Amino acid sequence: MTTHSAQPSTPIPETPERRAELTRQIQAATGLDDPLLERVVRAFYGTARQDPIIGYLFDDVEDWEAHIARITAFWSSVALMSGRYHGNPMAPHLKLPLQPPHFARWLALFERITRGLCSEAGATLLLEKAQRIAQSLQFGVEAKRGVLPPRQRTA
């Protein structure tokens, strides 16, 4: 019979040094860094703004440089754990007439851009995060409208 210690696990405190080390580890493993993330964001929006399915959703962005900086900070926080983004990504999406095909198209364009600009490991990380973000945003938008997707059945 094996006995386990009943000692509670102690969370590792979040410090700027720990965050910076985590960011360095992710960068080393994926090749991602802030300049590359900015290139991804710029390339994505350059393509998405011209897209017949989702392009019109960006018509109300007034300051593209500020938008690019904010979204780059978002991806830096999401992918590199940098903590650069401070905001609520759901709020602006709730104002848009988003439907499931918009999320699918966003993911398809994002995948094309990331696979073209990033290493395999970097693209994989970004795409995993993007899929979770798209699901979360889609769920949030539909929940706000009172229209929830059908529950997935478990076998």
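Note: the structure precedes this text.
Caption draft 1: Layout of unusual backbone geometry. One non-glycine residue, M81, lies in the positive phi region at around 60°. Mapped onto the elements, M81 comes out in the loop between α3 (64-80) and α4 (90-94).

Caption draft 2: Molecular detail of the pattern of salt bridges. With the rule as written, the count across this model stands at six salt bridges. Residue R24 is joined to E21 by a salt bridge in which the shortest nitrogen-to-oxygen separation is 3.0 Å. Residue R24 and its partner E21 are located together in helix α1 (residues 16-30), separated by three residues, close to a single helical turn. We classify R24 as partly exposed; its relative accessible area is 47%. Measuring nitrogen to oxygen at the nearest pair gives 3.2 Å for the salt bridge that ties D34 to R84. With D34 in helix α2 (residues 34-48) and R84 in the loop between α3 and α4, this residue pair connects regions lying 50 residues apart in the sequence. A residue is classified by how much of its surface remains accessible, and R84, at 37% relative accessible area, is partly exposed. Within the structure, one salt-bridge network assembled from shared partners comprises E38, R42 and E65.

Caption draft 3: Helix α5 (residues 100-117), seen in detail. Along its 18 residues, α5 runs 26 Å from first to last C-alpha, staying within 8% of the 26 Å computed at 1.5 Å per residue. For α5, every residue scored as buried is listed here: H102, F103, W106, L109, F110, I113 and T114. Considered in projection along α5, the buried side chains sweep an arc of 135° and stay on one side of the axis. Exposed side chains of α5 directed beyond 90 degrees from the buried face belong to P101, R112 and G116. Close packing links the buried residues of α5 with α2, α3 and α6 (120-145).

Conventions adopted
Residues numbered from 1 in each chain as written. Predicted model: local features only at pLDDT ≥ 70, side-chain atom pairs only at ≥ 80, totals over all residues. Heavy atoms only, no water. Helix = DSSP H or I, 4+ residues; strand = E, 2+ residues; numbered from the N terminus. Salt bridge = Lys/Arg side-chain N within 4 Å of Asp/Glu carboxyl O. Buried < 20%, exposed > 50% of the residue type's maximum accessible area, 1.4 Å probe, protein only. Expected span 1.5 Å × (residues − 1). Arc of directions from axis to C-beta. Contact = heavy atoms within 4.5 Å.

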